[in-house]
Amino acid sequence: MSSDETRRPRRPGRLGPVDAEGIEGDPDPADLTEAAHTTAQALVHRGRASADPDVVERLVTLVETEGIQTIAALWSGSPADSLPGVLWRLYALRAWVRGDARTVADRYRQGMSAAAVHDVVAGVAELPTATDVVHLVDQVLTGVYTRDLDVALERAAAFCRVVATGTAFDADHLDTVDSTSADRATRSAASLLRTADELARAAELWRTGRLE
């Protein structure tokens, strides 16, 4: 390790592209786009260049230190076929799973029998608990910074498809007793499938050097 690497700060810098209190009016969209791409590339490069597991852990837990609203403000407007757009979807997925892990685990269990993606989501318990699904999404984000990014994206896509399948089953069950909840579950399943498609597409772009 070089002396420069040894002296690097151990904590990632704040994500905010600008000091909000120092701005009059709305920021320039072009500046926001540039900031989104710059920070996404810097974080991925830092994680993949570091052999320090503490650095990777801090990147995985970025939402806890920076806040989901900060990350959303920076990346949520980025298209799905861009690196910041991909990172936003992965961090939002992680936050959602951690916020309702028991429901996600239940829907994952329901979807496992029908969604043919078991090999991609290898290592998940046969009857996953809330702890198991939280661990899985943490593993996916860890893979972004330590292994092949396309594999991490494919795992995330597969996870979304399994949960989407289970959510659709849940919607069918709810339809006879609570139509409002059934409609909500149906929309959630559709959103998860769309996210799965976006992540799978991003994996293809990364393999061909076109995910920026």
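Please refer to the structure placed before this passage.
Just so you know, the residues in each chain are numbered from 1, in the order the chain's sequence is written. For a predicted model such as this one, the threshold for reporting local features is a pLDDT of at least 70, and the threshold for listing and counting side-chain atom pairs is 80 or more; totals across whole chains, interfaces and linings nevertheless cover every residue. Excluded from the side-chain calculations are hydrogens and water; all other atoms, namely the structure's heavy atoms, are used.

1. Describing the nonpolar core
We apply this condition: Here, nonpolar core means buried Ala, Val, Leu, Ile, Met, Phe, Trp, Tyr and Cys residues that are tied together by side-chain atoms lying within 4.5 Å of each other. Relative accessibility under 20% of the residue-type maximum defines a buried residue, over 50% an exposed one, and the middle range a partly exposed one, all with a 1.4 Å probe and only protein chains included. Secondary structure follows DSSP: runs of H or I at least 4 residues long count as helices, runs of E at least 2 residues long count as strands, and numbering of each begins at the N terminus. Between two residues, a contact is recorded if the distance between any of their heavy atoms is within 4.5 Å.
W75, L90, Y91, V144, Y145, L153 and F159 are the most contacted members of the largest nonpolar core, which has 53 residues in total. When residues in this core are grouped by element, the largest group, 10 residues, is from helix 9 (residues 149–174). Excluding residues that lie within four positions of it along the chain, W75 makes contacts with A36, T39, A40, L43, L62, P84, G85, L87, W88 and Y91.

2. Quick look at the environment of V163
Positionally, V163 belongs in helix 9. Each C-alpha atom, one on V163 and one on S188, is 9.6 Å from the other, the two residues being 25 residues apart in sequence. With sequence-adjacent residues up to four places away left out, V163 is seen in contact with W96, V104, R107, Y108 and L192.

3. Quick notes on the environment of T142
The line we're drawing: Identification of polar contacts relies on pairs of N or O atoms within 3.5 Å, with a donor-acceptor requirement for protein atoms, meaning one able to donate a hydrogen and the other able to accept it, and with residues adjacent in sequence counted only if both atoms are side-chain atoms.
Turning to its location among the elements, T142 is positioned in helix 8 (residues 130–146). Once the C-alpha coordinates of T142 and V60 are considered, the two residues, 82 residues apart in sequence, prove to be 6.2 Å apart. T142 has contacts with V56 and V60, leaving out every residue within four places of it along the chain. Here D138 takes part through its backbone oxygen, which lies 2.8 Å from a polar atom of the side chain of T142.

4. Focus: the packing of aromatic side chains
The geometry of an aromatic ring pair comes down to the distance between the two centres and the angle between the two planes. Where we set the bar: Side-chain rings of Phe, Tyr and Trp (the six-membered ring for Trp) are treated as a pair once their centres are within 6.5 Å; stacked means planes under 30 degrees apart, edge-to-face means over 60, and tilted covers the remaining angles.
The final tally for this structure, using the stated rule, is two aromatic pairs. Where Y108 meets F159, the ring centres are 5.5 Å apart and the plane angle is 25°; that geometry is what we call stacked. Of this pair, Y108 sits in helix 7 (residues 101–112) while F159 sits in helix 9, and the two are 51 residues apart along the sequence. The exposure class of Y108 is buried, given its relative accessible area of 3%.

Any link to function would need more than the numbers given here.
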